[in-house]
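Residue-level structure breakdown
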Amino acid sequence: MKTGKWKFNFVAESVFSEGHILPAEKTVSSDRILINIGKNPYETLEMYGTAIGKLNNAKTGKEINGWCNWFYTHDIFDENEILANAELAAKNLKPFGLEYIQIDEGFQRFHGEWEGNSGFPQGLKVFAGKVKELGLKPGIWIAPFVITENTWIYKNHPDWLLKNEDGSLKRIGPWPDENTDWFKTENPKRFGLDITHPGAEKWFGGLIDSIANYWGFEMIKIDFVAWTVFSAHHFYDKKASPAEVYKKALEIMRKTTGEKCHILDCGPGQASVGSKHSLYIYVPLRF
């Protein structure tokens, strides 16, 4: 393909979702495709974002600024570590626009039991309140579609989890494939929540309600979507596609939290535009 002095190849492939059932006389279509060519990659990216936003009625607003612990502590931290940074952020950076203090992977008991672990002895509601006392907004990371085998859901409701083609529970994870030692030796094993099951959908809605409306977090960062929802062979609702399921999840989050909670999507942005607020980058700062 030639356009002016530009030359490039474009290859499109349509792969129907494995395990997805398309009812008789129904149709399916792909997302729209935008080919945007320009000298400045930042300008073309802005144009892409603007086009996606207009097509999907994106929620737009001012830029937000926050601090996330992941880049320094990874998953080893407690509330004292976070609050010490929050105090310094409130003193030194809040006057310049910093708003959020977000805890990342490592606060939870297990994937699937999102209450605070021993590093948060007074609970996440008290922790969030302490952040607010500093004049900042508490944020939290969750991977709500990941369920480990030592949780209440796995032990009591395996019917809420994703299945393989033969009906067995589907293992999920970021490992390259099932022939790796990572897959074979993983402990505890991880499985995927299927919110097209009514019981799982109710549990998911209850989790979001607790985080935003009881614990008081004002930002939710949702993660690990590619190797959960988008790795599914099929869902409890066999007519549902991964994109439809993820869009449904974000719609539940938006309906449950209202406008008081900022939703940060670390998944495929196109599927959730209109329900989330942002896909943005944290700038690492160490105090």
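Residues numbered from 1 in each chain as written. Predicted model: local features only at pLDDT ≥ 70, side-chain atom pairs only at ≥ 80, totals over all residues. Heavy atoms only, no water.

1. Looking at the packing of aromatic side chains
Describing an aromatic ring pair means giving the distance of the ring centres and the angle of the ring planes. Selection rule: Pairing of aromatic rings covers Phe, Tyr and the six-membered ring of Trp, with a centre-to-centre limit of 6.5 Å; geometry is then stacked below 30 degrees between planes, edge-to-face above 60, and tilted otherwise. For helices the rule is a DSSP run of H or I covering at least 4 residues; for strands it is a run of E covering at least 2, with both sets numbered from the N terminus onward. Exposed residues in this analysis have more than 50% of their type's maximum accessible area, buried residues have under 20%, and partly exposed residues fall in between, with area computed by a 1.4 Å probe over protein chains only.
Across all of its chains, the model carries 14 aromatic pairs by this definition. The interplanar angle of 80° and the centroid separation of 5.3 Å between the aromatic rings of Trp141 and Phe224 together place this pair among those described as edge-to-face. Of this pair, Trp141 sits in strand S7 (residues 137-142) while Phe224 sits in the loop between strand S10 (219-222) and helix H8 (242-257), and the two are 83 residues apart along the sequence. Relative accessible area serves as the criterion here: at 1%, Trp141 is assigned to the buried category. When the ring of Phe230 is compared with that of Tyr246, the centres are 6.0 Å apart and the planes differ by 70°; the resulting orientation is edge-to-face. Taken together, the residues Phe230 in the loop between S10 and H8 and Tyr246 in helix H8 connect sequence positions 16 residues apart. Taken together through their ring pairs, the aromatic side chains of Phe107, Trp114, Trp141, Phe224 and Trp227 make up a single cluster.

2. Considerations on the nonpolar core
We apply this condition: Here, the term nonpolar core denotes a set of buried Ala, Val, Leu, Ile, Met, Phe, Trp, Tyr and Cys residues that are joined through side-chain atoms within 4.5 Å. Any pair of residues with heavy atoms lying within 4.5 Å of one another is described as a contacting pair.
Counting residues in hydrophobic clusters, the biggest one holds 59 residues, and the most contacted among them are Ile103, Phe107 and Phe204. Residue assignment for this core shows that the elements contributing at least two residues are helix H3 (79-92), strand S4 (100-103), helix H4 (124-133), S7, strand S8 (146-148), helix H7 (198-214), S10 and H8. Element by element, the count of residues in this core is highest for H7, at seven residues. Excluding its chain neighbours within four sequence positions, the residues that come into contact with Ile103 are Asn69, Phe77, Ile82, Phe120, Leu124, Phe127, Gly139, Ile140, Trp141 and Phe217.

3. Looking at the pairing of strand S11 (residues 262-265)
Basically, it comes down to this: When DSSP finds two or more bridges between two strands, those strands count as paired. Handedness of a crossover: with both strands directed away from the viewer, a clockwise path from the first strand across the helix to the second marks it as right-handed.
Side chains of S11 alternate between two faces, with His262 and Leu264 and Ile263 and Asp265 buried alike. In the sheet, S10 pairs with S11 via four bridges, with the strands oriented parallel. The residue of S11 that forms the bridge with Met219 is His262. In terms of handedness, the path from S10 via H8 over to S11 forms a crossover that is right-handed.

4. Here we look at the packing of H7 against H8
To keep it simple, the criterion reads: Axes here refer to lines fitted to C-alpha atoms; in helices the fit is confined to the stretch in contact. Angles between the N-to-C directions go from 0 to 180 degrees. Throughout, the term roughly parallel applies to angles under 35 degrees, roughly antiparallel to angles over 145, roughly perpendicular to angles from 65 to 115, and oblique to all others. Note on convention: the crossing is left-handed when the near helix lies turned anticlockwise from the far helix by less than a right angle, right-handed when the turn is clockwise.
Between H7 and H8, whose axes approach to 9 Å, the crossing angle comes to 40°. As summarised for this structure, H7 and H8 are arranged oblique, according to the angle between their axes. In this structure, H7 crosses over H8, and the sense of that crossing is right-handed. Judged by residue contacts, Glu201, Phe204, Gly205, Ile208, Asp209, Ala212 and Asn213 of H7 engage Lys248, Ala249, Ile252, Met253, Thr256 and Thr257 from H8.

5. Some words on the confidence of the model for the protein
Stated precisely, the cut-off is as follows: Values of pLDDT, ranging from 0 to 100, describe the predictor's confidence in every residue of the model.
In this model, the protein carries an average pLDDT of 88, and 89% of its residues clear a pLDDT of 70 or more. Under a pLDDT of 50 for its full length, residues 280-287 has, in the predicted model, 25 contacts with residues more than four places off or in other chains.

6. A short note on the side chain of Gln108
We apply this condition: We call two N or O atoms a polar contact when they sit within 3.5 Å, provided that within protein one can donate a hydrogen and the other can accept it, with sequence-adjacent residues counted only if both atoms are side-chain atoms.
Here Gln108 lies in strand S5 (residues 108-110). Polar contacts involving the side chain of Gln108 include one to the main-chain amide nitrogen of Gly106, which spans 3.0 Å. Polar side-chain contacts of Gln108 include one of 3.5 Å to the side chain of His111. Not counting chain neighbours up to four residues away, the residues in contact with Gln108 comprise Glu113, Trp114, Glu115, Asn117 and Trp141.

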